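# Examination of the molecular architecture
The residues making up each chain are set out below.
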Amino acid sequence: MEKEPEQQKCVCEDSSTSAEEQPGKSGKDISRRGFLASLGVGAAVAATGVHLPAKASTEVMPAGNLVRISLQINGLTHSLLVEPRWSLLFILREKLGLSGTKVGCERGECGACTVLIDGHPRYACMMLGVESEGMEITTLEGLMDGEKLGPVQKAFVEEDAFQCGYCTPGQIVAVEGLLRKNPTPALEDIRTGVSGNICRCGTYHNIFKAATRAAKLKAGKGGA
Amino acid sequence: MNQQNDNLYFIEGFLVPETPAHGEDPQPWKETQVVGTALPRIDAYERVSGRALYPSDVVLPNMLHGALLRCPHPNARAKRVDISKARKMTGVFAVIPGSASGTNIDWSYRGKGKTKLFDSHCRYEGDAVAAVAADTPYHAWDAVRAIDVEYEVLPFVSDQRKALDPQAPKVHEEGNVVGKPEVYERGDVSKGFAEADVVLEQEYTTMTLLHTPVELHGCVAKWDGDHLTLWESTQGVFAIQGEMARALKLPLSKVRVINPYMGGGFGSKLQPGKHTACAAILARMTGRPVKIFLTREETYLCTGNRPSNIMTLKAGIKKDGTLTALQFTATGESGAYPAGGVQLLDFQIRELYACPNVKCQSTDVYVNAGPARPFRAPGHPQASWALEQMLDALAEAAKLDPVELRLKNIPTYSQSNAGNPPYTSTGLKECLEEGARVFRWKEKRADQKAKQEGRIRTGFGMASALWFLGGGRPPSTVVVRLFSDGSANLNMGASDLGTGTRTIMAMIVGEELGLKPNKIQIENADTGTTQFTPPSGGSKTVPSDGPATRAAAVHVKQQLLEMAAQDLKVKSEELAIVSGKVQAKNDPSKSIKIPDISGLKTRGVIVGVGYKKPNPSDRAINPFCAQFCEVKVDMSTGEIEVTRFVSANDSGRVMNRLTYDNQVYGGITMGIGFGVTEGRVLDASQTGKLCNKNWHDYKVPTALDVPAEITSIPVDPHDMEANSIGAKGLGEPVTIPTAAAIANAVYNATGIRVTSTPISPPQLCKLLAEGKRKG
């Protein structure tokens, strides 16, 4: 197939293939607060997590402009340039290579992208990178000790609590979050705890068993 | 190097099964030591740690992201596609409308229905109009939204009843009936109905279901010169390779498809999508890898579905329960292209129960909606919804127990396959009896006779099933390699959909060679490095690739024993493998450690090749199943809670008890979706558009919808004829009768027969209110 010369022209100079290549576009001139207020959905989401001024700004930031943020992920600080509309999920998977956080719907329905934010399970697809600053983010990878599985992961292996394994990272993080809040959950607590995580293979029955086993494993280790 | 004194990989004290001579089939296993145990999956670590790399996880240097513009109308002509604004946008590298060079590609739906990659006539909402590649998915979608399309919106039809009206808009020139109706007939149904003491007739309908595997459909495409590599989330890498080679006019040797892990398919990932071709074209055009993963909404529109069916079933029995006649007339929605709207729909009507007089007619219908695709046991759960509710009604009319009625009509041979071959095994009787015993069916139903009062009513129901495929089938080729230290590599083309294929095949190798399954290295699902096999689907992966794997391991053993025979100066047929050594059967002093065998040292590797042989032509091989359930119905809200399930399955040998039970739980969960929560809604009267294209509005079962108590009962008839491993497949049969069992339980609780899926609160409320009015 011949290349189409015209389309090669579309390689725009300001295309942000790599955030690090574009230090000049840090977007310092636009405050994060101003951006959030200008973006309907972002503002609605942020309203619960970030304190916003009551009056909305009319300032609109062009797509492609980047802002510098700093994220605390699994105990490490990552400094990076992002478009303000990038979801935390997109940043984790496509920019940081943390593919243990999966993508299923990007609309807060399936839970495949569940991460812990300050210890609580949240959907990474429903959070913007810019609003995740200052929070302690834990992904599936953060539950490991080197190559060693964490107790919830071990319990999932032993109870065969997955089939295709794609929703599994989200399920594991949801159970981790549940057990941090409630170390001895009853069956109904577990059901509710993972009810925001769809498993289309239908392995819930074994997920319940794994959560129960994980609680015991954690207790045996003094709540590791 | 070789750590000969440490047991790194073999099972201590394990005498491996007899090794047949070259050209002879291995004997069926009698006792097994590895196969059948509850071994945790050998790839569990990768899946729970996030190390498993699924196609959607692939990020390559310089990679671009693609997105497709899809037609928003159910029937329209894209008259003008203006990309001038889109191609100038930030981060955009390429935009391809149908007029771009290299996009004039013929497209079909698994070989049926001729269209184009970008057909200007879009016959369903979601058909592809153009595609974009940009540096981020955000920029790609910005550009998609900036493409300006002038559509000529055409009249549509999105309902199969309306489509059959001669005045309806035509989806295709030839009309709205796909091909000719499928007809099956044996005996004389009018004679059968005349002989019956009870005859009932009822219409049943099922809604369209969406597969919605959690990993989205998509791929990454990368070119190295004229060599295309695709990481596609698929059930069959060789199917993708074949179809993409054909579409792009490349030899198979220039298309490599890789997919060792995939995030669910259920039949929707047996074929490439238009995204696959778009990614390949955009990657070639830009000289960069291109990743296209669909949005969840797109997967609802264009990655297949379980078609909706309208079925009328008329059935007759004698007083003693003997079935005398079954007459089945059905239509089904293929979608906008021929895609199997009535595929395998009548199989259970023909086969599940002994009945001398059967007549089936199934008509496949075009509508302006996304084409169907096979969905876990195509056709079977829909027909089960009709047949198993009908049997329940017949049993009540004849004052028989539903289990007794089924036991009265158990077939011993295939009634509709040519020559009426006997089944290798039919565990239907055992499934019914064992399931009923464990469920305490008789006691529960006897208690039920007392009239229930109050708001919450409890009901008990059951249903049985068979699946049309059991013994697997050729082709399948598997390679097993023995390394110089005696550890092994298993090389197979099959995808592991989450059914445990890798684990089960490793257990087969372990059984034959005395190796620990979790020490076996596995390569699978890569057209560049693994062996040909059709897509994983139809519950045929274990019965097809399993025997091929066993044959490959046997081939390794034969060569190893011949090599050892030379060292030990003992005939190879007198040798056996035990604890990492080869030794004479009657003189254990004559033995040699596997790494010390001269022939193995010289060659450095032993390569065993195994093939799936054809099934016996004079036998029918099918898995059977019976399920029993308890439901609680809220008489004021119409909500139902499924509180208990028992599933008894004859799927032949249990290969791994953990993955076996897991399939049972998963099949029942999916059946609950079909029966209680799921249904695609099209705005048939106004816009023809899909109304519930997300998991919020289209509700799949969650952790709150499954029973706390599910019991899996394997009924193993020790089938020595099905194939060399004796397994018949489980994944599909276990989801077939679930919805009908629930419907029968709801009837038992309420006296209301729900003949349309799903048994949703609004529907049940309405039926309960109507029931009250009738008194």
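Keep in mind that what you see is a predicted model, and the values were worked out from it rather than measured.

Right, let's talk about the environment of B:Leu513 for a bit. Along the polypeptide, B:Leu513 turns up in helix α14 (residues 501-513). Note: C-alpha distance between B:Leu513 and B:Ser572 (59 residues apart in sequence) is 15 Å.

Residues and elements named next belong to chain B. Partitioning chain B into domains gives domain 1 (44-54 + 474-611) and domain 2 (386-470 + 619-774). Taken together, the contacts link 14 residues of domain 1 with 18 residues of domain 2. At the level of secondary structure, the elements contributing two or more residues to the side of domain 1 that touches domain 2 comprise α14 and α15 (541-568). Take the side of domain 1 that touches domain 2: its biggest share by element is five residues, from α15. Across the side of domain 1 that touches domain 2, the residue classes break down as six nonpolar, six polar and two charged.

With that out of the way, let us pick up the pairing of strand β1 (residues 67-73) of chain A. Residue and element names in this part refer to chain A. Because side chains alternate across β1, one face comprises the buried residues Val67, Ile69, Leu71 and Ile73, and the other comprises Arg68, Ser70 and Gln72, none of which is buried. Inspection of the sheet shows β1 paired to strand β2 (residues 76-82) by seven bridges, in the antiparallel sense. Bridge pairing in β2 places glutamine 72 opposite threonine 77. Linkage of β1 to β2, two consecutive antiparallel strands, is achieved through a turn of two residues, within which asparagine 74 is found at a positive phi near 50 degrees. Pairing geometry for β1 and strand β5 (residues 136-138), over two bridges, is parallel. Each residue of the ladder has a partner; that of isoleucine 73, found in β5, is isoleucine 137.

This next bit is on the domain arrangement of chain A. All names here are of chain A. If you check the domain split of chain A, you get domain 1 (23-142) and domain 2 (144-219). Listed per partner, the contact involves 16 residues of domain 1 and 14 residues of domain 2. Top contributing element to the side of domain 1 that touches domain 2 by residue count: strand β3 (residues 114-117), with three residues.

The rules behind the values
- Residues numbered from 1 in each chain as written.
- Chains lettered and ligands numbered in written order.
- Predicted model: local features only at pLDDT ≥ 70, side-chain atom pairs only at ≥ 80, totals over all residues.
- Helix = DSSP H or I, 4+ residues; strand = E, 2+ residues; numbered from the N terminus.
- Domains from an automatic or database assignment.
- Contact = placed C-beta atoms within 7 Å.
- Nonpolar A, V, L, I, M, F, W, Y, C, P; charged D, E, K, R; others polar.
- Buried ≥ 20, exposed ≤ 12 C-beta atoms within 10 Å, placed from the backbone.
- Pairing = 2+ DSSP bridges.

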